[in-house]
Amino acid sequence: KLSCLFAAKGYDMIAVDISPDMLTEARAAADKAGVCPLFLCQDMCKLDLYGTVDAGFCLFDAINYLKTVADLFALFDRLKYFIAPGGLFVFDINTRAKFEKVYGDNTFVFDEPDLFCTWQNHYRPRQGTCDFYLTFFVKEEDGRYRRFFETQRERLFSAATLRAAIGAGGFEIVGIYSDCHFAPADKESDRLYYVIRRRDGR
């Protein structure tokens, strides 16, 4: 959706996702919006664009889905080849406060007109991971509900680890904010937005 919004404003967009199914959905949305980003099916830790870009973004806690610290370093190592010197990269990250106070071992229930979902969490503080066990009931066209399951895992990355990976990739931190209104980050922030700049190499 964000790629479509930027494309509609005249930006040349490259959209990357590891899932062919998600890219199929994205292509349908782009066709409906009358825009044509370039869609690439890639693992972001093995990013390979067709040259450099002036800016990039990775949102909706996608980085928390990286499996290891090595994956985090690999991501920023790849980005240094494709974000132009002086270019910006913006990403968000779920914080310790989110893992401990929101995720925890809590259960959530979502009851929508065409969807019913239960979401159970299991947080492992020592490992810094939280597993999500999701059960979906989706209403089909014939009125029946289809049930399916998903298991997901997010990883908590400390501020020190993030700074190390950002620096190792040749970036510097411009700002860290607690929301889209550029409010300052604090210990209670459950999501942080990092704005980082590619060093020019001089």
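Residues numbered from 1 in each chain as written. Predicted model: local features only at pLDDT ≥ 70, side-chain atom pairs only at ≥ 80, totals over all residues. Heavy atoms only, no water.

**Q** Account for the packing of aromatic side chains, naming residues and giving values.
**A** Scanning all chains against the criterion turns up 18 aromatic pairs. Relative to Phe-171, the ring of Phe-76 lies with its centre 6.4 Å away and its plane at 70°, an arrangement referred to as edge-to-face. Of this pair, Phe-76 sits in helix α3 (residues 69-82) while Phe-171 sits in strand β9 (residues 171-177); the two residues are 95 residues apart in sequence, bridging distant segments of the chain. Residue classification places Phe-76 among the buried residues on the basis of a relative accessible area of 0%. Relative accessible area serves as the criterion here: at 2%, Phe-171 is assigned to the buried category. A network of ring pairs unites the aromatic residues Phe-99, Tyr-103, Phe-108, Phe-110, Trp-119, Tyr-123 and Phe-132 as a single cluster. (Phe/Tyr/Trp six-rings, centres within 6.5 Å; stacked < 30°, edge-to-face > 60°. Helix = DSSP H or I, 4+ residues; strand = E, 2+ residues; numbered from the N terminus. Buried < 20%, exposed > 50% of the residue type's maximum accessible area, 1.4 Å probe, protein only.)

**Q** Outline helix α4 (residues 96-103), listing residues and values.
**A** Listed in full, the buried residues belonging to α4 are Ala-97, Lys-98, Phe-99 and Tyr-103. In the core, the buried residues of α4 are packed alongside β4 (83-94), β6 (115-124), β7 (129-139), β8 (145-155) and β10 (191-198). (Contact = heavy atoms within 4.5 Å.)

**Q** Could you give an account of unusual backbone geometry, with specific residues and numbers?
**A** Its identity is not glycine, yet Phe-60 carries a phi of approximately 60°, on the positive side. Along the chain, the position of Phe-60 falls in the loop between β3 (53-58) and α3. Since its relative accessible area comes to 62%, Phe-60 is described here as exposed. With a phi angle near 65°, Phe-182 is a residue other than glycine that sits in the positive phi range.

**Q** Break down the pairing of strand β2 (residues 38-41) for me, with residues and values.
**A** Two strands pair when backbone bridges link them, and strand β1 (residues 14-17) and β2 are joined in this way by four bridges, in the parallel orientation. Across the sheet, residue Asp-17 finds its bridge partner in β2, namely Cys-41. In the classification by handedness, the crossover that spans β1, the intervening helix α2 (residues 20-33) and the parallel β2 is right-handed. (Pairing = 2+ DSSP bridges. Right-handed = clockwise from strand over helix to strand, strands pointing away.)

**Q** An account of the pattern of salt bridges is requested, with residue identities and associated values reported.
**A** Using the criterion set out here, one finds 11 salt bridges in the structure. We note a salt bridge from Lys-80 to Asp-77, for which the minimum N-O separation is 2.9 Å. Remark: Asp-77 and Lys-80 occur in helix α3; sequence separation between them is three residues, near one turn of the helix. Residue Lys-80 is classed as partly exposed on the basis of its relative accessible area of 23%. For Asp-77, a relative accessible area of 30% gives the class partly exposed. Of the charged contacts, one joins Asp-142 and Arg-144 as a salt bridge, the two residues approaching to 2.9 Å between their closest N and O atoms. For the pair Asp-142 and Arg-144, a shared accessibility class is recorded, and that class is exposed. Because the salt bridges share partners, they merge into one network encompassing Asp-61, Asp-92 and Arg-191. (Salt bridge = Lys/Arg side-chain N within 4 Å of Asp/Glu carboxyl O.)

**Q** Talk me through a nonpolar patch on the surface; I want residue IDs and the actual numbers.
**A** On the surface, Ile-14, Val-16, Leu-38 and Tyr-50 cluster together into a nonpolar patch covering about 370 Å² of accessible area. For Val-16, the position within the fold is in strand β1. (Patch = residues over 30% accessible without salt bridge, like charges linked within 9 Å, V, L, I, M, F, W, Y side chains within 5 Å. Areas by Shrake-Rupley, 256 points an atom, 1.4 Å probe, with all protein chains shown as cover.)

**Q** I'd like to hear about the pairing of strand β5 (residues 107-112), residue by residue, with values.
**A** Of the pairings in the sheet, the one linking β5 to β6 comprises six bridges and is antiparallel in character. When the bridges of β6 are listed, Phe-110 appears paired with Cys-117. Linkage of β5 to β6, two consecutive antiparallel strands, is achieved through a turn of two residues.

**Q** I'd like a rundown of the sheet that holds β3, residues and numbers included.
**A** The strand order β3-β4-β10-β9 describes an open sheet built from four strands, whose pairing is mixed. Edge positions in the sheet fall to β3 and β9, since each has one partner strand and no second. Taken over all neighbouring pairs, the strand axes of this sheet differ in orientation by 15° on average, direction set aside. Two strands pair when backbone bridges link them, and β3 and β4 are joined in this way by five bridges, in the parallel orientation. Directly across from Ala-55, in β4, lies its bridge partner Leu-88. Contacting β3, β4, β9 and β10, α3 crosses the sheet at an angle of about 150° to β4. (Axes fitted to C-alpha atoms, helices over the stretch in contact; angles between N-to-C directions.)

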